[in-house]
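# Structure at a glance
The primary structure of each chain is shown beneath.
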Amino acid sequence: MYDCFRPGDVVRAEVVSLGDARSYYLSTAKNELGVVYARSAAAGVAMVPTGWTEMQCPDTQAVEKRKVARLAAAAAAEGQ
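Scope of this entry: the structure provided in the associated data block. Everything quoted here is computed from the prediction, not taken from an experiment.

On to the overall build of the protein, then. Regarding its fold elements, the protein presents one helix and seven strands. Starting at the N terminus and ending at the C terminus, the protein contains elements arranged as β-β-β-β-β-β-β-α. Looking at the 80 residues of the protein, the share that counts as buried comes to 24%. Nonlocal contacts in the protein, meaning residues at least 24 apart in sequence, comprise 39% of its contacts between residues at least 6 apart. Accessible area for the protein stands at about 5,500 Å²; split by element, carbon and sulfur atoms hold 56% of it.

This is how it looks when you write it as structure tokens:
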């Protein structure tokens, strides 16, 4: 789980089901779902996606693993 998401990440997900009164079950299994925005652990600046499984800090060049959302695919699918 730590290789996909970190606390503070903004994640696009779909609701699979409503759990009990305090929880929801979410999925990021589709390509267009995943991390949309993340901050670098080292510098605290917004990270840039470098692939579908990594994001990079523009200041320190540190690479962190994430499950990156393919936003271009999502926009193209919604436009059809």
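Here the narrative resumes, following the displayed structure.
Before going further, it helps to spend a moment on the sheet that holds strand β7 (residues 63-65). Strand pairing in a sheet relies on backbone hydrogen bonds, with the paired strands running either antiparallel or parallel. Within the open sheet, the three strands sit side by side as β5-β6-β7. Their pairing is antiparallel. The open sheet is flanked by β5 (48-49) and β7, the only strands paired with a single partner. Bridge analysis of β5 against strand β6 (residues 54-56) gives two bridges, and the strand direction is antiparallel. For P49, the partnering residue across the bridge sits in β6 and is M55.

Together, V10, V36, Y37 and L71 line one region of the surface with nonpolar side chains, adding up to about 310 Å² of accessible area. Position of V10 relative to the elements: it lies in strand β1 (residues 10-12).

Conventions and cut-offs
Residues numbered from 1 in each chain as written. Predicted model: local features only at pLDDT ≥ 70, side-chain atom pairs only at ≥ 80, totals over all residues. Heavy atoms only, no water. Helix = DSSP H or I, 4+ residues; strand = E, 2+ residues; numbered from the N terminus. Buried < 20%, exposed > 50% of the residue type's maximum accessible area, 1.4 Å probe, protein only. Contact = heavy atoms within 4.5 Å. Areas by Shrake-Rupley, 256 points an atom, 1.4 Å probe, with all protein chains shown as cover. Pairing = 2+ DSSP bridges. Patch = residues over 30% accessible without salt bridge, like charges linked within 9 Å, V, L, I, M, F, W, Y side chains within 5 Å. Salt bridge = Lys/Arg side-chain N within 4 Å of Asp/Glu carboxyl O.

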